[in-house]
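What follows is each chain in one-letter form.
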Amino acid sequence: MSKQLNFDTGIVDYEINGGAHVRFNPADVAFTERFYNTFKQLEGQQSEFEKRVAEINAGDRTELFAYARERDAEMRERINELFQDDIADAIFDGCNCYA
């Protein structure tokens with residue numbers, strides 16, 4: 001029989017909305033870097049987002065639906081990259097993540 005060696009890796013597991021599990025070590029520098037970079041990117045895009053929404057609202061508002069789908073896909077990709085797992089669909093269960 002093999003002997004076992006177990007130690008605490010610092011990994012935490014969260015269930016989100018009953019549909020997804022995310023596992024990560026909040027003290028891991030690689031995770032922290034991905035988290036920081038994700039929010040830095042989103043912050044940098046906020047003024048572009050607001051400008052585009054204002055342009056759409058001044059014109060054909062049906063464009064807003066296409067833009068919302070585009071932003072939703074982009075956000076899902078970022079969430080999946082952050083947690084290094086394909087979890088965004090399970091988290092948002094078909095809803096636009098900006099809803």
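Novice: With reference to specific residues and values, describe the pairing of strand β2 (residues 20-24).
Specialist: Residue alternation in β2 divides its side chains into a buried set, Ala20, Val22 and Phe24, and an unburied set, His21 and Arg23. Bridge analysis of strand β1 (residues 12-16) against β2 gives 5 bridges, and the strand direction is antiparallel. The partner of Tyr14 across the bridge, within β2, is Val22. The turn linking β1 back onto β2 is made up of 3 residues, and Asn17 within it adopts a positive phi angle of 50°.

Novice: Give me the lowdown on the packing of aromatic side chains, citing residues and values where you can.
Specialist: For any pair of aromatic rings, the description rests on two quantities: the centre-to-centre distance and the angle between the ring planes. According to the stated counting rule, one finds 8 aromatic pairs in the structure shown. Ring plane angle 35° and centroid distance 6.2 Å describe the contact between Phe31 and Phe35, whose orientation is recorded as tilted. Of this pair, Phe31 and Phe35 both sit in helix α1 (residues 29-58), 4 residues apart, which is roughly one turn of that helix. Among the aromatic side chains, those forming a connected cluster through ring pairs are Tyr14, Phe24, Phe31, Phe35, Phe39 and Phe83. Of note, Arg52 hangs over the ring of Tyr67, and the distance from its end group to the ring centre comes to 5.9 Å.

Novice: So, the state of the cysteines: which residues are in play, and what are the values?
Specialist: Applying the stated rule across the entire model yields 0 disulfides. Unpaired in this structure, Cys95 has its nearest cysteine sulfur neighbour in Cys97, at a distance of 10 Å. A relative accessible area of 45% places Cys95 in the partly exposed class. For Cys97, a relative accessible area of 16% corresponds to the buried category.

Novice: If you had to explain the confidence of the model for the protein to someone new, which residues and values would you point to?
Specialist: With 100% of its residues at a pLDDT of 70 or more, the protein shows a mean pLDDT of 90. The lowest-confidence element of the protein is α1, averaging 89 in pLDDT; the highest-confidence one is β1, averaging 94.

Basis of the calculations
Residue positions within a chain follow its written sequence, with the count starting from 1. For this predicted model, a pLDDT threshold of at least 70 governs which residues receive local features, and a threshold of 80 or more governs which side-chain atom pairs are given and counted, while totals over whole chains, interfaces and linings are taken from all residues. The basis for the side-chain values is all heavy atoms of the structure; hydrogens and waters are excluded. Each residue is assigned to one of three classes by its accessible area relative to the maximum for its type, calculated with a 1.4 Å probe on protein chains only: buried under 20%, partly exposed between the two thresholds, exposed over 50%. The way it works is that DSSP assigns letters per residue, a run of H or I at least four long becomes a helix, a run of E at least two long becomes a strand, and they are numbered from the N terminus. Two strands pair if DSSP finds at least two bridges between them. Pairing of aromatic side chains requires ring centres within 6.5 Å, counting the rings of Phe and Tyr and the six-membered ring of Trp. Pairs whose planes differ by under 30 degrees are stacked, by over 60 edge-to-face, and all others tilted. Whether a charge lies above a ring is judged from NZ of Lys or CZ of Arg, which has to be within 6 Å of the ring centre and within 35 degrees of the ring normal. Cysteine sulfur pairs qualify as disulfides if the two atoms are within 2.5 Å. Confidence of the predictor in every single residue is expressed as pLDDT, which spans 0 to 100.

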